[in-house]
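# Chains, contacts and geometry: an overview
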Amino acid sequence: MQIPYTIEERPDTGLNNSKLGIWVFLASEIMLFGGLFSAYVFLRMAAPAGDFAYWGSKLSIPMATVNTLVLISSSVTMIMSWVSLKMKDFEKYKMYMGLTLLCASIFLVIKYFEYTGKFHHGIYPSSSTFMGIYFTLTGLHGLHIIGGMIVMGYFWLPAGYKMWTSEPEHFTNRIEVVGLYWHFVDLVWIFLFPILYLL
Amino acid sequence: MSNDSHHKENFLQKYIFSVDHKIIGLQYGITSLLFLLFGFCLMMVMRWQLAYPETPVPIVGGLLGETGILMPEIYNMLGAMHGTIMIFLGIVPLAVGAFGNYIVPLQIGAPDMAFPKLNAASYWSYFVGGVIMLTSFFMPEGAARSGWTSYPPLSIFETGQTMWLIGMVFLITSSLLGSMNFIVTIVQLRAPGMTWFKLPFFVWAQFVTAFLLVLAFPPLEAAAFLQLMDRVASTSFFLPSGLVYSGATVDVYGSGSPLLWQHLFWFLAHPEVYVLILPAMGIVGEVIANNTRKPLWGYKTLVYSIVFLGFMSFIVWAHHMFLTGMGQAMSAFFQTTTMIISIPSVAILTAFFISLWGASIRFTTPMLFALAFLPMFGIGGLTGLPLGVGASDIHLHDTYYVIGHFHYVVAPGTIFGLFAGIYYWFPKMTGRKMSEALGKLHFWPSFIFMNGIFMPMFIQGLAGVSRRLYDGGQLYAHAQDVLQWNEFMSISAFCLAAAQIPFIINVFVSMFNGEKVDRNPWGATTVEWSAPSPPVPHANFEGDVEVYRGPYEYSVPGAEKDFSPQTEK
């Protein structure tokens, strides 16, 4: 038995199942990060004047700027990998997906140096409310990056090629869905960067 | 996808790690019924203490320490876990996980859920969450003791809370996976001809419920992460500066706010109330239409009402917080929205009552439960109005009145709705009917003792007796006149437990020896009754399903029989 509309679009909704599924999932993700962003606003308002700005100034803006560029590039390569599949070029897909994974790893390495730099200076989540919310937000975002990397890595490995040869359309849809998730994770960072580093 | 029905499945594949929505629905059903029973047992231990303070608890006393007397710490533990288990491990999984999973794909004429593997993952995540909650009782520091609401600062310092938070993360993940699946299934997998306004009311109820779960649960997950950080990494998101606990100033950075937790928590927990009630309303709608043998009155009104209800449920959360000092403007806003949200609830109840008018009602067991749902939910809903108005809430806040109010909604309300569903769909799941005699023996005592438990709570609450008191209010002068009700309520609770025995016997006896029935024993119109009983594994229907009619075409003038199934031209 095959579930209908796994690959092809349902005519009256114009969607296949996984595309609708990922959008609903992203809606829930928006509520998750939305809850945390509201907590940030609430805590910032409750904190003594200048407290958030003072602790925020301890973060490294250059490192975060590089990370922003790295993540934006990874979104571009992500799209390129999907387009390559649409053009039936699996080798190009592999290259672009590899680049996406590389960008994600660079992001995590830079984040690692940021975190350990803070620990070296004796700054922990408990140091201040700002640092608490900083570590919580970026930590949760980092987990989302790792989650994305696991899925992308799986499709980059031979398992991906196997699926590409047996069900090319289904595979292309999956990469599109992973891409939507990846852009969302990218977008979350675009919001995190100003509220944590710049404000 | 290799959901090929041709290859043979072994026991593990077929019943344990199944991806068939019917098996997963049954797994959810069995697990959640066991949790409901367990949560009820916790409550009976507490009710013993309230009725007979400081006397050893019979039967389970040995588990509570040498004296067999329930101590305050354990009383708090049982209270917190009773709430958590009943809501997150009992009713929601039964209403959404079990009935939603089993019935929704059948009612829309789909072969399965849209994502069968995700569906299984949802059940197993729920299972792990349940195991974590249960094992927390056996941890050295015990289970959570800060109430199911887990208000800080208490929840940050009390033992047992970390396990609770980790368990909640699994339960939230489970319901996210499940509800995503429901939304996609209902949007994408409707059979040809099954347009939106041909969907049975139950499917609409599940659809709105799924949206509530998808959008309301993540903020609680966020809040759970923050509380976990407060407990594990010594942050102070929920701890204000200069907080004194056990005679010493707490050594944290401070500048956090306990109110933040309450906002995030109730942003979930108010929609959660509608998650509890909407599926039950859906079931009651199905059962009433079937047993009155006439169309559900105001089908479109019902649909618009629950959609509006779902939307409004996101902007009433702070009516739980009138006494927190959040300010007049906020209170005024949330009072207004709370009064507005009662309108669609009343519209739904009224539509159900009007459906009964002029009908020749079949008083089957499912119908008895559905009929009892109406006044019980009515009492629960109407007693909520004084709580939604700031002025009267000052007197009633945190008293037994509140307990009485929400239990009327959830216990004789939702649970009766769910019982109606079990009796109604049991023939579909097993191919056999449940015994009517045992069903009535289950219904009448349950109905009487439910009221015996919860009605006196209004009396105690109006007298000002606070909830969560270990001794039921013995030390308070204002409670003395109403204390005698404690024993009455506790005896009712024990009798209610006894009244569930016919149900348990009924399930097992009927499963093997019940009257054998064909695919449509109730003469119902919706699509699930055109499938065999039980439906075909991994496919549900023998052939393609096509829908031609609305969901409740009963007693159509000129038709040969008094029901015209959706699948017949």
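So, here is what we can say about the structure in this document. Just so we're clear, the structure is a prediction, and the values are computed from it rather than from any experiment.

Definitions and cut-offs
- Residues numbered from 1 in each chain as written.
- Chains lettered and ligands numbered in written order.
- Predicted model: local features only at pLDDT ≥ 70, side-chain atom pairs only at ≥ 80, totals over all residues.
- Helix = DSSP H or I, 4+ residues; strand = E, 2+ residues; numbered from the N terminus.
- Rg over C-alpha atoms; globule rule 2.2 N^0.38 Å.
- Buried ≥ 20, exposed ≤ 12 C-beta atoms within 10 Å, placed from the backbone.
- Contact = placed C-beta atoms within 7 Å.
- Axes fitted to C-alpha atoms, helices over the stretch in contact; angles between N-to-C directions.
- Parallel < 35°, antiparallel > 145°, perpendicular 65-115°, else oblique.
- Left-handed = near helix turned anticlockwise from the far one by under 90°.
- Nonpolar A, V, L, I, M, F, W, Y, C, P; charged D, E, K, R; others polar.
- Core = buried A, V, L, I, M, F, W, Y, C linked by C-beta atoms within 7 Å.
- Expected span 1.5 Å × (residues − 1).
- Bend = angle between axes of the 7 residues up to and from the residue.

Quick look at the overall build of chain B now. When its secondary structure is counted, chain B shows 17 helices and 2 strands. Whereas a compact globule of 569 residues would reach a radius of gyration of roughly 25 Å, chain B reaches 24 Å, a difference of no more than 12%. Buried positions account for 56% of the 569 residues belonging to chain B. Of the contacts made within chain B by residues no fewer than 6 positions apart, 79% connect residues no fewer than 24 positions apart.

Time to look at the packing of helix α3 (residues 72-107) of chain B against helix α7 (residues 201-232) of chain B. All names here are of chain B. Relative orientation of the contacting elements α3 and α7 amounts to 125°, with a least axis distance of 10 Å. Taken together, the axis directions place α3 and α7 in an arrangement best described as oblique. Judged by the twist between their axes, the crossing of α3 over α7 is left-handed. Between α3 and α7, the residues in contact are V96, G100, I103, V104 and Q107 and F202, V203, Q206 and T209, respectively. Looking at the contact of α3 with α7 residue by residue, the classes come out as 5 nonpolar, 4 polar and no charged.

Among the nonpolar cores identified, the biggest contains 224 residues, and I108, I183, V284, F369, F373 and A420 of chain B are the most heavily contacted of them. If near-sequence neighbours (up to four positions away) are discounted, V284 of chain B is found in contact with F352, A370, F373, G417 and A420 of chain B.

Residues and elements named next belong to chain B. Looking at the secondary structure, you find M77 in helix α3. Overall, M77 belongs to the buried group, with 23 C-beta atoms counted inside 10 Å. Taking the C-alpha atoms as reference, M77 lies 9.5 Å from L42; in sequence the two are 35 residues apart. Non-local contacts of M77, meaning those with residues more than four positions away in its chain, are made with G142, A143, R145 and G160.

What follows deals with α7 of chain B. Residue and element names in this part refer to chain B. Taking 1.5 Å of rise per residue, 32 residues should cover 46 Å, and α7 covers 45 Å from first to last C-alpha, within 8% of that figure. The sharpest bend along α7 measures roughly 30° and falls at F217, with the proline P218 sitting one to four residues further on. Where burial is concerned, most of α7 is hidden: 29 out of the 32 residues are buried. The positive-phi residue at the C-terminal boundary of α7 is S234, with phi of around 55°.

Right, let's get into the packing of helix α1 (residues 17-46) of chain A against α7 of chain B. Remark: α1 of chain A packs on α7 of chain B, axes separated minimally by 8 Å, with the N-to-C direction vectors making an angle of 45°. One finds that α1 of chain A runs oblique with respect to α7 of chain B. Crossing angle aside, the handedness with which α1 of chain A passes α7 of chain B is right-handed. In contact with V24, A27, S28, M31, L32, G35, L36 and A39 of chain A of α1 of chain A, α7 of chain B contributes V214, L215, P218, P219, E221, A222, A223 and L226 of chain B. Grouping the constituent residues of the contact of α1 of chain A with α7 of chain B by class yields 13 nonpolar, 2 polar and 1 charged.

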